[in-house]
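So you can see what is in the structure, the chains are spelled out below.
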Amino acid sequence: MTFESPLTRLRLDLAYDGTDFSGWAAQPGLRTVQGEIEAALAVLLRTGAGDAPRLTVGGRTDAGVHARGQVAHLDVSDAQLAKWSARRGEDAGRGDAAESATRARKLNGVLKRSAPDVVIHEARVVPAAFDARFSALRRRYEYRLRGEGMRRDPLTARFTADVPKPLDLAAMQWASDELIGLNDFTTFCKAREGATAVRDLLSFEWRKTEDGAYAARIEADAFCHSMVRALVGAVVAVGSGRIGHDELVTLRDARERSSRFTVMPAHGLSLEEIAYPADAELALRAEQTRARRDPLSGE
């Protein structure tokens, strides 16, 4: 009788320019971030395309969305880990950080041939309880935009949305403050069948960047599909004078999709960070996240 060797879980910390990708998730006939990394893993680990380790991602980004702080996990066998890690004697005694750097370097070496717009920063061993999606405590995004009359920078244009109206930054911050907290964000979400849109929006702060754009820092425990871009769209509608303060609150509390604001373009959005608890709390956090969220009182 033969027994399969236990698998080792690895955490990948990565970044990508989403401009030329059809999103994160692998899709037949389309170029995706997941598809490119899994294809590179198949080459690196010398497996068939169907046998390469599969990735689970912390924040599933849409087509055109970028990432500086994306996280994914995968499971590899002892044999695959040996192929991927440093050769015997190489970097001996340098510890886990050196092994992680070596794995990242090797995977980047394959990726640069077909996907130079993806960079792996780390590939480190983590506890089996780590789940890139369900163990996350919170996620932080940045959205960049420029209003009419604001200085243009061609070097950052592909990462910055243009709004064809003047924008009032103070009004946008007021609107953002009104959206903070634990709410049902159905107005700003494409909710899945049977799922709830209850989320805890922790931060929604605007600043002016060095290149003259406006950038929003948006952080929550989790986000629904298109939620960040819809939130920014509603705030921009206030900043441009399309809707007033009172109407924004009414739209928020109505919990219905609306045509009074538009979902902002994907290319202005970047996933900046995903935060996780200490190793001892990973399993509990994943269990809590998988549990269905209760509706807010009064529903």
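Given the structure is predicted, the values throughout are model-derived calculations rather than measurements.

Just to check I follow, could you spell out the pattern of salt bridges for this structure?
A complete count under the given rule lists 21 salt bridges for this structure. Between Arg31 and Glu36 there is a salt bridge; the shortest N-O distance is 3.2 Å. Assessed through its relative accessible area of 15%, Glu36 is described here as buried. Each of Arg31, Glu36 and Asp117 takes part in a single network of salt bridges with overlapping partners.

Sorry, what's going on with the packing of aromatic side chains here?
Given two aromatic rings, one states the distance between the centres and the angle between the planes to describe the pair. Taken as a whole, this structure holds seven aromatic pairs when the rule is applied. Note on Phe188 and Phe261: the rings are 5.6 Å apart at their centroids and 25° apart in plane angle, and the pair reads as stacked. A residue pair is termed long-range when its members are at least 10 positions apart, and Phe188 in the loop between β7 (181-184) and β8 (198-208) and Phe261 in the loop between α6 (245-254) and β10 (269-275) qualify at 73 residues. Note on Phe261: relative accessible area 6%, which makes it buried.

For this particular structure, what's the right way to read the side chain of Thr61?
Secondary-structure assignment places Thr61 in the loop between β2 (56-57) and β3 (66-76). At a separation of 2.8 Å, a polar atom in the side chain of Thr61 contacts the side chain of Tyr16. Residues in contact with Thr61, not counting those within four places in the same chain, are Tyr16, Gly23, Trp24, His66, Gln70 and Leu271.

Where do I start with the pairing of strand β1 (residues 8-16) in this structure?
For a regular strand, the rule is simple: side chains alternate between the two faces of the sheet. Among the nine residues in β1, nine count as buried, and that is most of the element. Burial along β1 is two-sided: Thr8, Leu10, Leu12, Leu14 and Tyr16 and Arg9, Arg11, Asp13 and Ala15, pointing in opposite directions, are all buried. In the sheet, β1 pairs with β3 via eight bridges, with the strands oriented antiparallel. Pairing of Arg11 across the sheet is with His73, part of β3.

What should I look at first to understand helix α5 (residues 227-239) in this one?
An α-helical segment advances 3.6 residues per turn. Residues three or four places apart therefore align on the same side. The terminal C-alpha atoms of α5 lie 18 Å apart, and with 13 residues this matches the ideal 18 Å at 1.5 Å per residue to within 8%. Burial analysis of α5 places 13 of its 13 residues in the buried class, the great majority of the element. Looking at the residues trailing α5, positive phi occurs at Gly241, about 90°.

Would you explain unusual backbone geometry in this entry?
A negative phi angle is the norm for most residues apart from glycine, just as the trans form is the norm for most peptide bonds. Its identity as a non-glycine residue notwithstanding, Ser226 has a phi of 70°, on the positive side. Within the secondary structure layout, Ser226 lies in the loop between β9 (214-220) and α5. Take Ser226: its relative accessible area is 8%, and that puts it in the buried class. The backbone of Arg255 shows a phi angle near 55°, a positive value even though the residue is not glycine. With respect to the helices and strands, the residue Arg255 is situated in the loop between α6 and β10. Note on Arg255: relative accessible area 30%, which makes it partly exposed.

What is the right way to look at α6 in this model?
By the burial criterion, the buried members of α6 are Leu248, Leu251 and Arg252. Buried residues of α6, seen end-on, are gathered within an arc of 100° and therefore sit on one face of the element. Facing away from the buried side of α6 by more than 90 degrees, the exposed set consists of Asp246 and Thr250. Buried residues in α6 make contact with α4 (169-179), β7 and α5. Directly after α6, the chain includes Arg255, whose backbone phi takes a positive value near 55°.

I keep staring at the nonpolar core and nothing clicks. Help me out?
For soluble globular proteins, nonpolar side chains are generally found buried alongside one another. Ile37, Trp84 and Leu145 are the most contacted members of the largest nonpolar core, which has 80 residues in total. The element that contributes the greatest number of residues to this core is α5, accounting for ten residues. Those residues in contact with Ile37 that sit more than four places away from it in its chain are Leu12, Leu14, Trp24, Leu55, Leu107, Leu111, Val118 and Ile120.

Quick question: what am I supposed to make of the layout of surface pockets here?
Summary: where empty space remains is shown by rolling a probe the size of a single water molecule over the atoms. Taken as a whole, the largest pocket spans an internal volume of roughly 1,200 Å³. As for the largest pocket, its lining consists of 40 residues, and the residues nearest its centre are Arg133, Arg192, Arg199, Phe223 and Cys224. Of all the secondary structure elements, the ones that give two or more residues to the lining of the largest pocket are β2, β5 (138-146), α5 and α7 (282-290). It is α7 that contributes the most residues to the lining of the largest pocket, four residues altogether. Classifying every residue of the lining of the largest pocket gives 16 nonpolar, eleven polar and 13 charged. Its volume calculated, the second largest pocket comes out at about 240 Å³.

Just checking my understanding: could you explain the packing of α4 against α5 for this structure?
Between two packed helices, what matters for the description is the angle formed by their axes and the separation of those axes. Where α4 meets α5, the axes come as close as 8 Å, and the angle between the chain directions of the two elements is 135°. When the axes of α4 and α5 are compared, the pair comes out oblique. Crossing of α4 against α5: the hand is right-handed. Of α5, the residues touching α4 (which contributes Ala171, Met172, Ala175, Ser176 and Leu179) are Leu231, Val235, Val236, Val238 and Gly239. Residue classes in the contact of α4 with α5 are distributed as eight nonpolar, two polar and no charged.

Definitions and cut-offs
Residues numbered from 1 in each chain as written. Predicted model: local features only at pLDDT ≥ 70, side-chain atom pairs only at ≥ 80, totals over all residues. Heavy atoms only, no water. Salt bridge = Lys/Arg side-chain N within 4 Å of Asp/Glu carboxyl O. Buried < 20%, exposed > 50% of the residue type's maximum accessible area, 1.4 Å probe, protein only. Phe/Tyr/Trp six-rings, centres within 6.5 Å; stacked < 30°, edge-to-face > 60°. Helix = DSSP H or I, 4+ residues; strand = E, 2+ residues; numbered from the N terminus. Polar contact = N/O pair within 3.5 Å; in protein donor to acceptor, adjacent residues only side chain to side chain. Contact = heavy atoms within 4.5 Å. Pairing = 2+ DSSP bridges. Expected span 1.5 Å × (residues − 1). Arc of directions from axis to C-beta. Core = buried A, V, L, I, M, F, W, Y, C linked by side-chain atoms within 4.5 Å. 1 Å grid on protein atoms, 1.4 Å probe; cavity = no way out; pocket = protein on both sides within 12 Å on 5 of 7 lines; lining within 4 Å. Points joined across faces, edges and corners; volume = space filled by probe spheres on them. Nonpolar A, V, L, I, M, F, W, Y, C, P; charged D, E, K, R; others polar. Axes fitted to C-alpha atoms, helices over the stretch in contact; angles between N-to-C directions. Parallel < 35°, antiparallel > 145°, perpendicular 65-115°, else oblique. Left-handed = near helix turned anticlockwise from the far one by under 90°.

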